[in-house]
Amino acid sequence: MTSRVQPIQCIGCPVGCGGEVVLDGDRVVEMRGFTCEKGEAYAAEEVVAPKRMVTTTVRVHGGALHFLPVVSDGPVPKEAIFDCVRLLRGIEVTAPIETGRVIVADALGLGVDFKAARAIAVASDGLRPA
Amino acid sequence: MRDATYDVVTIGGGPAGMAAALAARQAGADRVLIIERDRELGGILQQCIHNGFGLRKFKEELTGPGYADRYIEMVGAAGIDVWLDSTVLAAEAGGRITCVGPTTGLATVEAKAVVHSMGCRERTRGAIRIPGSRPAGVFTAGAAQRMVNMEGYLPGRDVVIIGSGDIGLIMARRMTLEGARVRAVFEIMPYSNGLTRNIVQCLEDFGIPLYLSHCVVAVHGHDRVTGVTVAEVDADLHVKPGTEFDLPCDCVLLSVGLIPENELGRAIGVSTDRITSGAVVDQFRQTSKPGFFAAGNVLHVHDLVDLVSNEAEIAGRSAALFAKGVFGEATHERAVIAGEGLRQVVPQRLSTLEKGKNAIRFFFRSKAPMGPSIIALKTEDGIVWDRKLRVVKPSEMIVADIPVNRFAKASHIEFVLTLDEHPEPLEGAVEEEDA
Ligand code: SF4
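Residues numbered from 1 in each chain as written. Chains lettered and ligands numbered in written order. Predicted model: local features only at pLDDT ≥ 70, side-chain atom pairs only at ≥ 80, totals over all residues. Heavy atoms only, no water.

## Points about the domain arrangement of chain B
All names here are of chain B. Operational definition: Here the bounds of each domain stem from an automatic or database domain assignment. Throughout, a contact is declared for two residues whenever any of their heavy atoms are within 4.5 Å. Buried surface area refers to the total accessible area, computed with a probe of radius 1.4 Å, that the two partners give up upon joining, counted for both partners together. What makes a salt bridge here is a side-chain nitrogen of Lys or Arg within 4 Å of a carboxyl oxygen of Asp or Glu, nothing more. Within 3.5 Å is the distance limit for a polar contact, defined as a pair of N or O atoms, with the added protein rule that one can donate a hydrogen and the other accept it, and that residues adjacent in sequence qualify only through two side-chain atoms. Note on residue categories: nonpolar means Ala, Val, Leu, Ile, Met, Phe, Trp, Tyr, Cys or Pro, charged means Asp, Glu, Lys or Arg, and polar means any other residue, Gly included.
Domain boundaries in chain B define domain 1 (2–121 + 259–323), domain 2 (124–256) and domain 3 (334–419). Each partner contributes to the interface: domain 2 provides 6 residues, whereas domain 3 provides 6 residues. Of the roughly 430 Å² buried where domain 2 meets domain 3, counting both sides, 52% is carbon and sulfur surface. Three residues stand out in domain 2 for area buried against domain 3, namely Y191, L195 and T196, and they jointly supply 75% of the buried area on that side. At the boundary of domain 2 with domain 3, the tally comes to 0 salt bridges. Our enumeration of links across domain 2 and domain 3 arrives at 3 residue pairs in polar contact (both at pLDDT 80 or more). Looking at the side of domain 2 that touches domain 3 residue by residue, the class counts come to 2 nonpolar, 4 polar and no charged.

Okay, here's the thing in structure tokens:
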């Protein structure tokens with residue numbers, strides 16, 4: 001059996017567990033060092049298809065702020081991060097905006113939505129919708 | 001001129017001020033006010049658009065504005081007064097607060113108890129004495145973060161980052177995503193000052209090199225920065241001659257540490273901790289001035305907002321109880337010592353223990369990175385409590401809830417951090433080898 005050991009630094013939470021994944025080809029046969037299920041799931045995915053959450057901003061018209069922070073509702077394949085940010089750079093929205101509104105649905109066909117991370121009121125109403 | 005009377009006033013409406021105000025309401029304070037100098041509540045969270053906040057507090061991963069949003073809603077629902085755009089000029093002993101703002105004008109508030117929750121600010125170029133000229137294009141990482149994420153400006157296209165604090169790492173990724181080239185991050189210490197997860201997802205993911213034991217010895221450029229000269233340092237942080245090299249850039253970001261913004265505390269003469277630069281407090285987060293409490297980054301710089309909220313809840317509750325007269329001035333009767341291996345501990349004092357309280361939470365930072373370690377509590381009776389830690393870094397705060405019965409009567413209270421001679425194997429490791 002030709003197995004290899006890949007060290008993985010978990011980024012699942014700020015605890016930052018360092019662990020190892022033992023692989024036989026593309027198959028995970030053993031994991032150690034991750035202290036929770038989330039970490040194990042992350043490590044198993046990281047060795048074959050790494051993914052990351054993506055956050056950026058989009059332009060707002062008529063709002064008390066000019067930029068709205070948006071966040072993916074799930075992790076995006078690493079190689080698609082720049083394409084997602086490029087897509088969002090071209091997006092413009094109009095205030096008012098409520099937290100959680102879908103700004104781009106199924107971005108690039110990845111099955112991931114980008115949502116408003118906060119609320120933004122129209123310019124005359126102060127910073128938040130009444 | 002507006003005049004008002006409140007039970008509890010928090011100065012600063014970031015995560016600490018909001019959590020303290022909420023906890024004060026929950027503990028029975030009727031009139032609670034948050035005074036915030038910015039245009040909205042949330043503090044620094046509003047510009048931290050990345051995710052990773054709230055895992056402990058809300059059991060889900062939120063962005064900074066998302067975390068702030070949750071608290072702003074709770075504050076709105078709790079019947080707490082909020083003054084925005086208001087800067088506190090003075091908060092005098094006895095609880096008289098003077099503030100000024102475009103809508104309030106000059107106003108005074110009488111507070112029965114005050115929570116200092118002013119947060120922290122970034123160390124600047126002046127604080128680390130970088131030689132060279134003084135061109136445009138040199139920013140603190142947090143200032144750049146505000147420009148990019150809230151104002152929509154890119155402070156440069158060709159970037160060098162000095163210091164490996166978390167904001168610098170986060171901005172390395174953010175600037176890269178916005179189309180800038182980030183050439184490298186230089187850290188003078190032999191270890192990184194950011195969270196490990198940020199080294200991975202902000203630098204390694206984008207192939208941005210991190211140079212440890214390197215410092216900037218010159219900034220070049222007349223009107224605009226054109227480059228920096230960097231050199232390696234030895235164990236005593238002295239530049240190694242002959243190791244200098246030049247790097248062109250049009251933007252330098254500094255992420256070289258944070259300092260509590262504790263001017264209001266110092267102005268009334270609260271005792272401060274030389275190491276944290278924040279107030280000396282007891283387990284209730286009361287300072288040496290009666291009725292003045294402190295929490296969050298103005299007390300000591302945290303790395304997780306969840307822990308800021310948590311600490312502020314202690315301060316807010318205590319402030320409410322003080323306002324009601326349930327307890328009084330801090331007695332600060334026992335000192336808590338950060339001994340071997342530890343740089344700091346909060347709280348630094350213990351006042352008379354509260355009945356019915358089973359554990360007290362302590363926050364520590366180590367002096368240096370260490371492998372598997374043991375943190376222990378020493379009293380005159382010897383070691384009365386300890387815990388194994390798998391890895392220790394100065395950038396990652398150690399938090400421990402320690403049962404009160406271990407030190408209830410002790411007169412000497414000292415924490416120590418030592419190497420673990422018998423570390424446990426990685427969890428999940430195979431113990432026996434199969435054939
Ligand atoms: S394994 Fe679990 S606890 Fe450890 S860093 Fe990953 S998510 Fe956090």
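Alright, that's what it looks like, and here's the rest.
## Looking at the UniProt feature "domain: FAD/NAD(P)-binding" (unreviewed entry) in chain B
Note the cut-off: UniProt positions are given in the numbering used here, feature names are shortened, and annotations may be inferred rather than shown by experiment. Strands are runs of DSSP state E lasting at least 2 residues, helices are runs of H or I lasting at least 4, and numbering of each runs from the N terminus.
Per the UniProt record, "domain: FAD/NAD(P)-binding" (unreviewed entry) is annotated on residues 6–302 of chain B. Note that residues 6–302 of chain B is 22% helix and 30% strand, and that its end C-alpha atoms are spaced 29 Å apart.

## With respect to a nonpolar patch on the surface
All names here are of chain A. Filter applied, for reference: Note that patches include only residues with greater than 30% relative accessible area and no salt bridge, and the join distances are 9 Å for like charges and 5 Å for nonpolar side chains (Val, Leu, Ile, Met, Phe, Trp, Tyr). Each accessible area value is a Shrake-Rupley result obtained with a 1.4 Å probe; residue values ignore everything except the protein chains displayed when judging cover. Working definition: with a 1.4 Å probe on protein chains only, accessible area under 20% of the residue-type maximum means buried, over 50% means exposed, and in between means partly exposed.
A contiguous nonpolar patch, built from L87, L108 and L110 and spanning about 220 Å² of accessible area, is present on the exposed surface. For L108, the position within the fold is in the loop between β9 (102–104) and β10 (114–116). Using a relative accessible area of 46% as the deciding quantity, one classes L108 as partly exposed.

## Here's the deal with the side chain of Q348(B)
Residues and elements named next belong to chain B. Turning to its location among the elements, Q348 is positioned in the loop between β21 (342–346) and β22 (349–350). Within polar-contact distance, the side chain of Q348 engages the backbone nitrogen of V281 at 2.9 Å. Setting aside residues up to four positions removed in sequence, Q348 forms contacts with D273, T276, A279, V280, V281, R334, A335 and V336.

## Observations concerning the sheet that holds strand β16 (residues 245–248) of chain B
All names here are of chain B. Inclusion rule: We call two strands paired when DSSP finds no fewer than two bridges between them. Axes here refer to lines fitted to C-alpha atoms; in helices the fit is confined to the stretch in contact. Angles between the N-to-C directions go from 0 to 180 degrees.
Spatially, the 3 strands line up as an open sheet ordered β14-β15-β16, and their pairing is antiparallel. A single partner strand is all that each edge strand has here, and the edge strands are β14 (214–220) and β16. Ignoring which end each strand starts from, the neighbouring axes of this sheet average 30° apart. Note that β14 and strand β15 (residues 227–232) share 6 bridges and pair antiparallel. Paired with V219 across the two strands is V228, which belongs to β15.

## A short note on the sheet that holds strand β23 (residues 359–366) of chain B
As a general point, the strands of a sheet are linked pairwise by backbone hydrogen bonds and lie either parallel or antiparallel. All names here are of chain B. In space, the 3 strands of this open sheet follow the order β21-β23-β26, with antiparallel pairing throughout. Edge strands, defined here as strands with exactly one partner in the open sheet, are β21 and β26 (398–403). With strand direction ignored, the average angle separating the axes of adjacent strands in the sheet is 30°. Relative to β23, β21 runs antiparallel, the two sharing 4 bridges. Counterpart to Q344 in the pairing with β23 is R365. On the sheet, helix α8 (residues 305–324) packs against β21, β23 and β26 and is oriented at approximately 140° with respect to β23.

## Thoughts on the interface of chain B and chain A
Listed by partner, the interface residues are 37 residues for chain B and 34 residues for chain A. For the pair chain B and chain A, the two sides together bury roughly 3,100 Å², of which 56% comes from carbon and sulfur. E61(B) serves as the salt-bridge partner of K38(A), at 3.4 Å between the closest nitrogen and oxygen. Our count for the chain B to chain A interface comes out at 12 residue pairs in polar contact (both at pLDDT 80 or more).

## Describing the pattern of salt bridges
Residues and elements named next belong to chain B. Under the defined criterion, the tally for this structure stands at 32 salt bridges over all chains. A salt bridge links R146 to D38; the nearest nitrogen and oxygen atoms lie 3.4 Å apart. Here D38 lies in the loop between β2 (32–35) and β3 (51–53) and R146 lies in helix α4 (residues 141–151), a separation of 108 residues in the sequence. With relative accessibility at 24%, the residue R146 sits in the partly exposed group. Among the salt bridges present, the one from E61 reaches R197, with a minimum N-O distance of 3.5 Å. Residue E61 is found in the loop between β3 and β4 (62–63), and its partner R197 is found in helix α6 (residues 196–203); the two are separated by 136 residues along the sequence.

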